[in-house]
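# What the coordinates show
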Amino acid sequence: MDKAKSVMDQKGSGPCCTNGMHKPLRRQLSNGSCSPFSPTDDDHHHDPQTNGSPAKRCRLRRRMESVRKNRPPFPWFGMDIGGTLVKLVYFEPKDITAEEEQEEVENLKSIRWYLTSNTAYGKTGVRDVHLELRNLTICGRTGNLHFIRFPTAAMHKFIQMGRDKHFSSLHTTLCATGGGAYKFENDFRTMADLELLKLDELDCLIQGLLYIDSVGFNDHPECYFFENPSDTQNCIKKPCCLDNLFPMLLVNIGSGVSILAVYAKDDYKRVTGTSLGGGTFLGLCCLLTGCETFEEALEMASKGDSTNVDKLVKDIYGGDYQRFGLQGSAVASSFGHMMSKEKRESISKEDLARATLVTITNNIGSIARMCAVNEKIERVVFVGNFLRINTVSTKLLAYAMDFWSKGQLRALFLEHEGYFGAVGAFLELLKSSDDA
Amino acid sequence: MALSGGVDRGSHSMDKSITLPPDEIFRNLENAKRFAIDIGGSLTKLAYYSTVQHKVAKVRSFDHSAKETDGDPLYEISVQEEITARLHFIKFENAYIETCLDFIKDHLVNTETKVIKATGGGAHKFKDLIEKKLKLKVDKEDEMTCLIKGCNFVLKNIPHEAFVYAKHADSEFRFQHTHPDIFPYLLINIGSGVSIVKVEAEDKFERIGGSSIGGGTFWGLGALLTKTKRFDELLQLASKGQHTNVDMLVKDIYGGAYGSLGLTGDLIASSFGKSATTDKEFSKEDMAKSLLHMISNDIGQLACLYAKLHNLTRVYFGGFFIRGHPVTMHTITYSINFFTKGEVQALFLRHEGYLGAIGAFLKGAEEDNPNQYSWGENYAGSSGLMSVSPELNPVQRARSGTFDMLEMDRLERQLVNLPLLQDPTSYIPDTVDLTEDVLAREYWLYCFEEALDGVVKRAIASQKDQPKAVERAEKFRQKYRHKLQTLRHQPFAYGSLTVRSLLDTREHCLNEFNFPDPYSKIKQKENDMALKYYLKVVKSVEELSWEQRQFTLVKGLLAGNVFDWGAKAVSDVLESDPEFGFEQAKQQLQDNSGIDIILGVFPFIRELLIRGTEVVLASNSGPALNDVTNSELQILTERIAAMDPVIHTALKEDRLALVQNGSSSPCLDLSRLDKVLATVVRERGTDLVIIEGMGRAIHTNYYAMLSCESLKLAVIKNSWLAERLGGKIFSVVFKYEVPSKAQG
């Protein structure tokens, strides 16, 4: 506990400017007393050094003052700036007292109002209302957690809006993770006079995931899996609780894919990654079908049939390839039929979209499975915005894990798919002020 | 003689005339049997077994008991016809199938053949055509089984089969010396899909995994994206593109590297990640390049995951996606290096395109049991590897459109490692790899070209009374000169280019035109003459003190070595002055038959025998230059034994054994020796190996590490080489080595 920093906090400069914020999250967590997982813990903290010299008593007095307000000033944001999408979580306090409301600066009020009264922002920003976490108590405050996303391409517009709304006057800490935290750091500074607290994306991903899993999804489990994954007729989504989380293989499918082996909340490694991810799906779909959005691409894919595009084992062998135990229905060559001019000319956009989706998904499943076997981990958790509104992929992944591992591996999914990085960054905001 | 068959198959029609006379392609069809065919997406590979009748020089001892006059030669030389087995593999474009089948039908004499083994995706499509044309029953074989069988075969029989590809190195192809012990390995076959097969023994393999993202994905998706139909054209597009215009790199997301994870900014974070927009047009080249990277990286990653899981380090890549395409070999190599951090090397195969055909053939020839023999690539009849890289010279491009051949000769003996190699896996026979050493390559190619006239002259002289000797010698000259020219442009054509391979290629070409042993008569003459001096030399040596004697024996060993027709400097002297003499050579000091063996080697081993050492005298199985062959040596030894009781007794007591080494080369590959020799070496507990002569001790084995004492000696009869080794022409190498205890 560095008292000097809490002094700075009171002066309003915020903890974000202090040094030492880049140390890995896992270490901070193990030191931290006020864990966001138990927001009331902070009162238990007692510093044995507080009796003694006048200087120390003075510090105690300031400390007592800060304990009362041992939380960062509003607004509370967490941001994850990825290659394709920016994910934003925003905490809307619902327990604002009349006195507080009166004191609340106009700026802050307008931000709160703008974010919570709309579900779409500009042309491309969207609030995922269905994901909103209600009545969450964090650091002594109760409110709702909102989940908002917009394309990374609109980042400069977002920064301009921050400037126009004089965001910097609120003296809040902008906790940001993802590659964009680095790429746009300078733009935030020069365009909007905002300093980012940059955080490692994998640290944030894991902490965010563990937190959301621990608080649950409005009294429902955050996690789900598919029952009977190998049986398309009876394959049903089932909620579940992650009782024994560790070890888990965490497969984060954003524009690209990162695969992590997580052994404990502060012990993980990045096993590998692949460049064939959500960005590849959308990129190829745009080129092949002329579609413009992920939603459009998925919509087309849901109507298509990939077997018109892919060459199956049975297309080559007339049936199963028994010598190697390959089913006739297995894909032998993705896009293999497209080697033929005739077939290229007769193919539909929907079929192409479906084949692209299936190709990318199967490949991720295949690499994930190999990693799980190599790392000797049975639980494979898939997250990332590629899986948003994408039941084709989630079911395919569930099937692939089950089938190729002969039931040894289980694919698990989380409702807040792509938001864990942003949640992790948000938690860091609360922790950073607590640490201070 | 050019065949012309305007076969129009499918969408494109081209001129399908065969540019080479077909009898130079489908050779030895008269005796052909056991056909196999592998029909892929664009290329057909045909395999058959045949016998070749060719001349061999035989030596036969005269009956000397009756009378013995000074003028009679020691033994007689006769040229006999011998029949040996040869495997023919021919690769051509599918468009030629019909024309080729017609040609085969017209020339096929052997009516016992009833079945043709077939494999490959196209086997089904062409089944009826083959059955109709050839009147042979098509018998389909499993593709993967054929592939593995073929792979095992080439790895076992062609020492420089596998190579590492390095785009920016001095030589693109770095050949690996493969050893008889080839298992276990991983074969990644990239056809339209990818199969990953773990091979543990000749008949033990398992498909441990695969991927649907393969060559078909590149082709199919590439055709959709770029409207380019042909696979080769897609690769050409890719080689010109910039993937960074299409792919989202780490730096596009981070603005730089992702330092804490060690991911550099140039890494691809998301393939095609930049193309998710409708505002921008992307060039065909850039998309093709991005696609190539995506697929290569993906396959490389999976290959590494499987290699790691199964703890395998030898990973071979094959399939049409690879098939000699520098572009794909480069991207796969890059991917493997990235994912394994250099722990696993991507290996490619020179005869990758033939694996299926070889395997199908082997399946059909099981009753002949080809796997119990050793086979050797015939450099005269094989086209060699060529690069189909679009940016390489146009001569190669033109060739790729025609026919490619591989011929393998059945060797009379099974070849194995010398048991005394300290580390068989790291043994490399050749001292200088001319594929990598440009200066040396230029020198030796020049040298062999310069010496060609002399060889032709010698070949004609050896068969003065034989029909068409001049004409055949001229054909030999053309063939060998062509090989040398090919090697100048494609040093990698037959694996690592070495002095040994240049010499061997010359022997193969000579054999091809029925000059089995151009030096037989010279050897005969030398042997006769040397034999007359034998007792005199032995006697003069015996009179010396022990120390003087050792010195003289070694000098004698080296002096004899001077008479080596392989070295141009020496052959120039010999050609101009037939009255050469041993004393003269010795003074000049500056393995062969005649002087070398009789007056050099025999006095030397005689001394060893007297001191109680057992001697195994190993010599070539077949002729090479003026090196003594085992059959000549048998006769010579008999004659010497008749004069010299020391040799006589040693032979009788089996303290002197004559064993052939399995080689017909002036050089020596200690990893491919006659199995009998290896057994003798092991059984007798050999503890000293003496390797004599420039070919065997300098061009090869100079750096060979043996697990026992060894002595390598030779006279450097080439001024360029002498200079390289830091000496003058006719300097002596006398290298005695004791293995280090640690490895003992």
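The rules behind these values
- Residues numbered from 1 in each chain as written.
- Chains lettered and ligands numbered in written order.
- Predicted model: local features only at pLDDT ≥ 70, side-chain atom pairs only at ≥ 80, totals over all residues.
- Heavy atoms only, no water.
- Helix = DSSP H or I, 4+ residues; strand = E, 2+ residues; numbered from the N terminus.
- Buried < 20%, exposed > 50% of the residue type's maximum accessible area, 1.4 Å probe, protein only.
- Contact = heavy atoms within 4.5 Å.
- Areas by Shrake-Rupley, 256 points an atom, 1.4 Å probe, with all protein chains shown as cover.
- Phe/Tyr/Trp six-rings, centres within 6.5 Å; stacked < 30°, edge-to-face > 60°.
- Disulfide = S-S within 2.5 Å.
- Buried area = accessible area lost by both parts, 1.4 Å probe.
- Salt bridge = Lys/Arg side-chain N within 4 Å of Asp/Glu carboxyl O.
- Nonpolar A, V, L, I, M, F, W, Y, C, P; charged D, E, K, R; others polar.
- Polar contact = N/O pair within 3.5 Å; in protein donor to acceptor, adjacent residues only side chain to side chain.
- Pairing = 2+ DSSP bridges.
- Axes fitted to C-alpha atoms, helices over the stretch in contact; angles between N-to-C directions.
- Patch = residues over 30% accessible without salt bridge, like charges linked within 9 Å, V, L, I, M, F, W, Y side chains within 5 Å.
- Parallel < 35°, antiparallel > 145°, perpendicular 65-115°, else oblique.
- Left-handed = near helix turned anticlockwise from the far one by under 90°.
- Core = buried A, V, L, I, M, F, W, Y, C linked by side-chain atoms within 4.5 Å.
- Expected span 1.5 Å × (residues − 1).
- Arc of directions from axis to C-beta.
- pLDDT = per-residue confidence, 0-100.

## Brief notes about the overall build of chain A
Counting its secondary structure elements, chain A contains 16 helices and 17 strands. Across the 436 residues of chain A, 56% fall into the buried class. In chain A, of all internal contacts separated by at least 6 residues, the share reaching a separation of at least 24 is 68%. Put simply, chain A shows about 18700 Å² of open surface, and 49% of that area lies on carbon and sulfur atoms.

## Thoughts on the packing of aromatic side chains
Residue and element names in this part refer to chain B. By the definition in use, this model includes 48 aromatic pairs over all chains. Aromatic pair F89 and Y354: ring centres 6.2 Å apart, planes at 55°, arrangement tilted. A residue pair is termed long-range when its members are at least 10 positions apart, and F89 in strand β3 (residues 75-93) and Y354 in the loop between β14 (345-349) and α9 (355-364) qualify at 265 residues. Take F89: its relative accessible area is 1%, and that puts it in the buried class.

## Looking at the state of the cysteines
Here, the word disulfide means a covalent bond between the sulfur atoms of two cysteines. One pass over the structure, following the stated rule, counts 0 disulfides over all chains. Left without a disulfide partner, A:C204 is nearest to the cysteine sulfur of A:C175, which lies 8.1 Å away. Take A:C204: its relative accessible area is 1%, and that puts it in the buried class. Take A:C371: it sits in no disulfide, and the sulfur closest to it among the cysteines is that of B:C304, at 11 Å. Of the residues examined, A:C371 reaches a relative accessible area of 0% and is grouped as buried.

## Description of the interface of chain A and chain B
Chain A puts 57 residues into the contact, and the matching count from chain B is 51 residues. Across the chain A/chain B interface, buried area totals approximately 4300 Å², and carbon plus sulfur atoms make up 64% of it. At the junction of chain A with chain B, the criterion picks out 1 salt bridge. Residues B:K308 and A:E375 are paired through a salt bridge, measuring 4.0 Å at the closest nitrogen-oxygen approach. In terms of residues, the side of chain A that touches chain B owes the most to one element, helix α14 (residues 349-375) of chain A, which gives 11 residues. In terms of residue class, the side of chain A that touches chain B is built from 24 nonpolar, 23 polar and 10 charged.

## Quick look at the side chain of A:E185
Residues and elements named next belong to chain A. Of note, E185 is situated in helix α8 (residues 185-192). You can call E185 buried: its relative accessible area is 18%. Within polar-contact distance, the side chain of E185 engages the side chain of K198 at 2.8 Å. Residue contacts for E185: discarding those within four places in its chain leaves G180, L196 and K198.

## Here's the deal with the sheet that holds strand β22 (residues 709-715) of chain B
All names here are of chain B. An order of β21-β22-β23 is seen for the 3 strands of this open sheet, with the pairing classed as mixed. On the outer flanks of this sheet lie β21 (688-692) and β23 (732-737), each paired with one strand and no other. Sheet twist, expressed as the mean angle between neighbouring strand axes with direction ignored, is 5°. Sheet topology note: the β22/β23 ladder contains 6 bridges and is antiparallel. Considered in β23, the bridge of K712 is made with K735.

## Some words on a nonpolar patch on the surface
All names here are of chain B. On the surface, a cluster of nonpolar side chains totalling about 510 Å² of accessible area is made up of L688, I690, V732, F734, Y736 and V738. Going through the elements one at a time, β21 and β23 are the ones with two or more residues in the nonpolar patch. Structurally, V738 can be placed in the segment after β23.

## Considering the sheet that holds strand β2 (residues 43-61) of chain B
Hydrogen bonds between backbone groups are what pair the strands of a sheet, and the pairing can be parallel or antiparallel. Residue and element names in this part refer to chain B. In spatial order, the strands read β5-β4-β1-β2-β3-β16-β15; together these 7 strands make up an open sheet with mixed pairing. Two strands bound the open sheet, and with one partner strand each, they are β5 (137-140) and β15 (375-377). Neighbouring strand axes in the sheet, compared pairwise and without regard to direction, differ in orientation by 30° on average. As judged from the 5 bridges shared by strand β1 (residues 33-39) and β2, these two strands associate in the antiparallel manner. Bridging across to β2, A36 finds its partner in A47. Its contacts with the sheet put helix α2 (residues 127-134) on β1, β4 (115-119) and β5, and the angle it makes with β5 is roughly 140°. Sitting on the sheet, helix α3 (residues 143-157) is in contact with β3, β4, β15 and β16 (404-410), with an inclination near 80° to β15.

## Some points on the packing of helix α11 (residues 438-462) of chain B against helix α13 (residues 499-512) of chain B
Geometrically, a packed helix pair is captured by the angle between its two axes and the distance between the axes. Residue and element names in this part refer to chain B. The N-to-C vectors of α11 and α13 enclose an angle of 30°; their axes lie 12 Å apart at closest approach. With respect to α13, the element α11 is oriented roughly parallel. Every pair of crossing elements has a handedness; the one defined by α11 and α13 is right-handed. Residues W444, L445, F448, A451, V455 and A459 of α11 form the contact with α13, whose own contacting residues are V499, L502, L503, R506 and L510. Broken down by class, the residue content of the contact of α11 with α13 amounts to 10 nonpolar, no polar and 1 charged.

## A few points about the nonpolar core
One recurring pattern in soluble globular proteins is that nonpolar side chains are buried together. Counting residues in hydrophobic clusters, the biggest one holds 100 residues, and the most contacted among them are A:V251, A:F382, B:I188, B:F218, B:F317, B:F321 and B:I332. Looking at this core element by element, the count peaks at 13 residues for helix α7 (residues 284-309) of chain B. Ignoring any residue separated from it by four or fewer positions in sequence, one finds B:F218 in contact with B:A223, B:F231, B:L234, B:L235, B:A238, B:A288, B:L291, B:L292, B:I295 and B:F321. With 80 residues, the next largest nonpolar core counts A:F147, A:A192, A:F225 and B:Y254 among its residues.

## What to know about helix α5 (residues 106-117) of chain A
Residues and elements named next belong to chain A. For α5, built from 12 residues, the straight-helix expectation of 16 Å at 1.5 Å per residue is met to within 8% by its first-to-last C-alpha distance of 16 Å. Turning to α5, its buried residues are N107, L108, I111, R112 and L115. Taken end-on, α5 shows its buried residues confined to a sector of 130°, consistent with a single buried face. The exposed set on the far side of α5, more than 90 degrees from its buried face, consists of E106 and W113. Against the buried residues of α5 lie β1 (76-81), β2 (85-93), α4 (98-103), β3 (120-121), β4 (125-127) and β6 (141-151).

## Considerations on the environment of A:H337
Residue and element names in this part refer to chain A. Mapped onto the elements of the fold, H337 is located in the loop between β15 (331-333) and α13 (341-346). Distance in space between the C-alpha atoms of H337 and D310 is 5.5 Å, their sequence separation being 27 residues. Among all residues touching H337, those that are not within four sequence positions of it are T307, N308, V309, D310, K311, D315 and K343.

## Digging into the confidence of the model for chain A
All names here are of chain A. Confidence in the prediction of chain A, expressed as mean pLDDT, is 85, and 83% of residues score 70 or more. Per-element confidence in chain A is highest for strand β11 (residues 248-253), whose mean pLDDT is 98, and lowest for helix α2 (residues 25-31), whose mean pLDDT is 35. This model gives residues 1-50 a pLDDT under 50, and the stretch forms 75 contacts once residues within four places in sequence are excluded. Across residues 62-67, where pLDDT falls below 50, the model places 8 contacts with residues more than four positions away in sequence or in other chains.

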